[in-house]
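# What the coordinates show
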Amino acid sequence: MAMRKAKLAVWKFASCDGCQLSLLDCEDELLAVAGAVDMAHFPEATSAQVKGPYDLSLVEGSITTPHDAARIHQVRRASQTLITIGACATAGGIQALRNFRNVREFLGIVYAHPEYIETLSLSTPISTHVLVDFELRGCPINKHQLLDVIAAFLHKRKPVTPAHSVCLECKRRGSVCVMVAHGLPCLGPVTHAGCGAICPAYQRGCYACFGPMESPNAPALADWLMSHGAGDSAIVRAFRTYNAYTESFRKESEAHER
Amino acid sequence: MSGRTIKVDYLSRVEGEGSLFVRIKDEQVVDAQFKIFEPPRFFEAFLRGRHFTEAPDITARICGICPVAYQMSAVHAMEDACGVKVEGPLRELRRLLYCGEWIESHVLHISMLHAPDFLGYPDAIRMAADHPEAVQRALTLKKIGNEIVTVLGGREIHPINVKVGGFHRAPRARELAPLSERLKWGLDAALETVRWTAALEIPDFSGDYEFVALRHSDEYPFNEGKLVSDRGLDIPSREYDHHFVEEHVERTHALHSIRMGGGAYMVGPLARYALNFDRLSPVAQEAARAAGLGPICRNPFRSIIVRAVETVYACDEALRIIGDYEPPPSPAIAVPPRAGTGYACTEAPRGMLYHRYRIDGSGIIRDAKIVPPTAQNQKQIEDDLRRLVQGRLELPQDQLTRQCEQAIRNYDPCISCATHFLRLTIERL
């Protein structure tokens, strides 16, 4: 008897669509993936919809509205395995920059008709709301890692996404350290590997789009940046980008906020 | 039948979250709504207080499908504010990056999001079972666009190499050269795509649109040009705010753009094409003629062919740029900040994208305004829906609903982008 194909669902919350686009950007592998799973719910790619439950749900985007805070529970109930893809779903995303301000007051000032807008004061990761089986980092995610995660799920093994810093990828790539050689500010030492250390290969410092590595030493890096001329406001901005609401980055940015 | 409604709660094969709603009473369309329920993400708000050099990385995150467009509008606006002009090979590299984005984005839309409508499939993957060659060709062509963006930008989504003043690192000629071989194949594939789309069965529908696009003195527009329309508009980007206005409408999270003292207008491939046919390269013009397109096309369902023609142009233009490429002496020119306001419009794949920033003397952004193409097309999309349904009331509900969805997809709407704008009336830091 033929094996039943795993039912794949892709869900979107507050996001730029880039992480789910990564799947369509797997040009060489897309038809193979489509052959291996049943794309049961993927509105960006198909108007066909198969009812749940789903074997695997990929969730993009953060929770920013009361409606989405309820919807994520429905997604969880309909999903055997739930994997978040990208910085928004995993860390609250760039939308989480609102978390450092008073959004209620802000809304009233900037919108012509704030009463039309329904939004929460915080942008939160999916794991704040429901149990998440695996988190894939990155703004955007790395499509090769995404393929590995899907393959790992299909073969019931653990995905290969090392938690060490970007520095190791940089060494492996043979790039010269932009901090040591050029004194450029670089967040590589505290940033989760996965991108392939692209930025130093293009002569710029890492800006931490993959978020904090496992046990980052953010205060030590901030000290180094200070000693190389960065002021507090530059350090606040450096830690407040696409993963600003992760614990280590948030604490470090708050320590430098005056 | 005196009253009925057409409703699609969650539009598929578009970027972001939106729905459509049409109400018919006594054989008259009384309401047509293209509704965006994508949550607001407040980009203009949190750009304030950031350093002007951070804008290209931050604004890229507005859209995963056209990040280059956001980066290009941002760097041009910042350079405008600082009184700096980027010329020569750096300017050419920016055009090359845009070629990459146009190719990948247009081909994604043509083959994976829009063509299934014309051929009756729910998606490109199921379409591939009956049209394997077309889908395989599209995937390979799309990949070439992504390769350009990756070589030049570091990665295809949210490229990291774009900088105010140029790039962090300029490519070596030998990094670009391999793309030429691929692009030669790509040009043929794009020409084949024009023929393939021209053979689709296209609904008979057209409109008296006001087309708005950039127009440059001697090139098909990507990054620069005057803002023109076929009804007499002819202004520099910095005068955008004097001619266009946004309305905050209750049912949608995106503001509606209209021409001041006028109504809806259209940006995107049809507008660019109609206003710049004479600026297309000969091979693209010839492909358009062979596909039966005149110099102006007013049927939005034929935008799928126009996108294919623009893909031909982008492949051709990329080949030209790579062939002529001499690495610049420096990957970027210095852009010291100065207090002022900068403006820029560029041509995203979906249409003209406007950015305005006010920065202070230390380069901190004090105010930002971003008007994406889909927000500008929103009102026009609703007008299309209204006219389309009014002319096809006899169609069964499911067919009419499908045509409405297809009519929205004509615009390749990027709903994620369209939610970001805010009217910032009070300065607050």
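Just so we're clear, the structure is a prediction, and the values are computed from it rather than from any experiment. Residue numbers restart at each chain and count upward from 1, following the sequence in its written direction. The lettering of chains begins at A and the numbering of ligands begins at 1, in the order of writing. In keeping with the model being predicted, local features are shown solely for residues with a pLDDT of at least 70 and side-chain atom pairs are shown and tallied solely at 80 or more, while totals for entire chains, interfaces and linings include all residues. Only hydrogens and water are set aside when side-chain values are computed; all heavy atoms of the structure are taken into account.

## Things to note about the sheet that holds strand β8 (residues 234-235) of chain B
Residue and element names in this part refer to chain B. Cut-off, in case you're wondering: What makes two strands pair is DSSP finding at least two bridges between them. Each helix is a run of DSSP H or I of at least 4 residues and each strand a run of E of at least 2, with the numbering of both proceeding from the N terminus.
Spatially, the three strands line up as an open sheet ordered β6-β7-β8, and their pairing is antiparallel. Strands with a single pairing partner mark the edges of an open sheet, and in this sheet they are β6 (212-215) and β8. Direction of pairing for β6 relative to strand β7 (residues 226-229): antiparallel, over a ladder of four bridges. Considered in β7, the bridge of Arg215 is made with Lys226.

## Digging into helix α10 (residues 218-227) of chain A
Count 3.6 residues to each turn of an α-helix, and residues three or four apart come out pointing the same way. Residues and elements named next belong to chain A. We apply this condition: Only protein chains enter the area calculation, which uses a 1.4 Å probe; residues under 20% of their type maximum are buried, those over 50% are exposed, and those in between are partly exposed. To obtain the arc, one takes the directions from the helix axis to the C-beta atoms. Whether two residues are in contact is decided by their heavy atoms, any of which lying within 4.5 Å being enough.
Within the span of α10, buried status applies to Ala218, Leu221, Ala222 and Leu225. On an axial view of α10, the arc spanned by its buried residues comes to 100 degrees, and they lie on one face. Counted as exposed and oriented over 90 degrees from the buried face of α10: Asp223 and Ser227. Looking at the buried side of α10, the elements it contacts are α8 (178-182), α11 (232-239) and α12 (247-255).

## Considerations on the side chain of B:Thr197
Turning to its location among the elements, B:Thr197 is positioned in helix α7 (residues 173-198). What makes B:Thr197 buried here is its relative accessible area of 0%.

## Digging into the interface of chain B and chain A
Let me state the cut-off plainly: Buried area adds together the accessible area that both of two parts lose upon being put together, with accessible area traced by a 1.4 Å probe. Salt bridge, as applied in this entry: a Lys or Arg side-chain nitrogen positioned within 4 Å of an Asp or Glu carboxyl oxygen. By the criterion applied in these results, polar contacts are pairs of N or O atoms within 3.5 Å in which, for protein atoms, one can donate a hydrogen and the other can accept it, and in which residues neighboring in sequence qualify only through two side-chain atoms. Charged means Asp, Glu, Lys or Arg here, nonpolar means Ala, Val, Leu, Ile, Met, Phe, Trp, Tyr, Cys or Pro, and polar covers whatever is left, Gly included.
Across the contact, 65 residues belong to chain B and 63 residues belong to chain A. When chain B packs against chain A, close to 5,700 Å² is buried across both sides, 59% of that on carbon and sulfur atoms. For the pair chain B and chain A, the number of links is seven salt bridges. Close ionic contact of B:Glu54 with A:Arg237 constitutes a salt bridge, the shortest N to O distance being 2.7 Å. Between chain B and chain A we count 32 residue pairs in polar contact (both at pLDDT 80 or more) in total. Grouping the constituent residues of the side of chain B that touches chain A by class yields 29 nonpolar, 16 polar and 20 charged.

## As for unusual backbone geometry
For the peptide bond that leads from A:Gly52 to A:Pro53, omega is 0 degrees, which places it in the cis range. The topology assignment puts A:Pro53 in the loop between β2 (37-41) and β3 (54-60). A:Pro140 follows A:Cys139 through a cis peptide bond whose omega is 5 degrees. Despite not being glycine, B:Glu27 has its phi angle at roughly 65 degrees, a positive value.

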